[in-house]
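# A structural walkthrough
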Amino acid sequence: MKVGILGAGRMTKALASKWIAAGHDICIAGRTLDKAKALAHELGDQATFGTFEDAISYGNTLLIAIRHEGVISTLEQAGARSGSFQGKIVIDCSNPVEIETFTLVGNEQNSMAERIQETANGATVVKAFNLCEAQVWEMEPPLFDGRKLVVPYCTDTDEAGAIGSRLIKDVGCQPMLLGKLHYARHLEAMAAIVISRLFGGVDPHSVFNWITPNPE
Ligand SMILES: NC(=O)c1ccc[n+]([C@@H]2O[C@H](COP(=O)([O-])OP(=O)(O)OC[C@H]3O[C@@H](n4cnc5c(N)ncnc54)[C@H](OP(=O)(O)O)[C@@H]3O)[C@@H](O)[C@H]2O)c1
């Protein structure tokens, strides 16, 4: 699969390295092109870099891994309201959490994932990968006491669900479909609790990491 990634930070590095190992090709875009270039170089031959427009047109599957403050404005600048995301499956891992009070930013009746779907005309959003810290996604594989990490996700269509499920498995995890995209409101609220614990100094490998009932 060809995956375009918006954002060139920690989550991109963690997830892209797993997806590359699983055989996918990646195009990374960031507001700082040099960071996207450096990360693509670090990830090797299956990774390239470009502008946001380049990454959006690169593949049918996209990951948005931008700090929440910049997500909607980045999409709008990249023509999302005019159809640049038409037909794309968009994985959203963002957490719109204000880190002074650990409360959700924006309208709690409308998650960031739903705002992305409303902004990106013609796209189908999958909410996933938002509950664990980047160090957990970097684990090779993410096992706890021999048991796989379970990744809850949600989306509105079977096609997007199948893509989300595959990309979760390619990170070495067990997908768990919650239901339609409105479940993102709960996933983002759960992340607010996770983030408050992480900022309190708790080891990321010990926070809220859902696991399969039995060892592999
Ligand atoms: N880090 C985690 O453990 C973790 C875990 C789960 C979910 N998430 C979510 O994943 C997303 C990415 O997190 P991350 O840790 O990868 O972030 P990060 O390393 O801090 O930055 C990711 C990208 O966001 C860009 N960015 C920051 N502010 C921006 C703005 N106002 N407008 C446009 N671009 C902006 C950065 O550009 P520059 O490099 O130019 O600043 C960078 O390319 C976030 O929404 C976060 O909530 C993070």
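Residues numbered from 1 in each chain as written. Predicted model: local features only at pLDDT ≥ 70, side-chain atom pairs only at ≥ 80, totals over all residues. Heavy atoms only, no water.

Named according to an unreviewed UniProt entry, the chain is NADP oxidoreductase coenzyme F420-dependent protein originating from Acaryochloris marina.

## Section: the environment of Gly44
Residue placement: Gly44 occurs in the loop between α2 (33-43) and β3 (47-50). By relative accessible area, which is 27% here, Gly44 ends up partly exposed. Between the C-alpha atoms of Gly44 and Leu181, which are 137 residues apart in sequence, the distance is 34 Å. (Helix = DSSP H or I, 4+ residues; strand = E, 2+ residues; numbered from the N terminus. Buried < 20%, exposed > 50% of the residue type's maximum accessible area, 1.4 Å probe, protein only.)

## Concerning unusual backbone geometry
Omega for the bond connecting Glu140 with Pro141 falls within 30 degrees of zero, at -10°, which places this linkage in the cis form. Among the structural elements, Pro141 can be located in the loop between α6 (134-137) and β9 (143-144). Positive phi outside glycine occurs at Phe102, with the angle close to 55°. If you trace the backbone, Phe102 turns up in the loop between β6 (97-98) and β7 (103-104). Overall, the relative accessible area of 24% leaves Phe102 in the partly exposed class.

## What to know about the site of the ligand
The local shell around the ligand holds 22 residues, among which Met11, Thr32, Ile66, Arg67 and Ala134 are the closest. Arg67 is positioned with one of its side-chain polar atoms (N or O) 2.7 Å from an oxygen atom of the ligand. Summarising the interface, the protein chains cover 81% of the accessible area of the ligand, which totals 890 Å² for the free molecule. Those elements that place two or more of their residues in the shell around the ligand are α1 (10-21) and α4 (68-77). (Near = heavy atom within 4 Å. Polar contact = N/O pair within 3.5 Å; in protein donor to acceptor, adjacent residues only side chain to side chain. Areas by Shrake-Rupley, 256 points an atom, 1.4 Å probe, with all protein chains shown as cover.)

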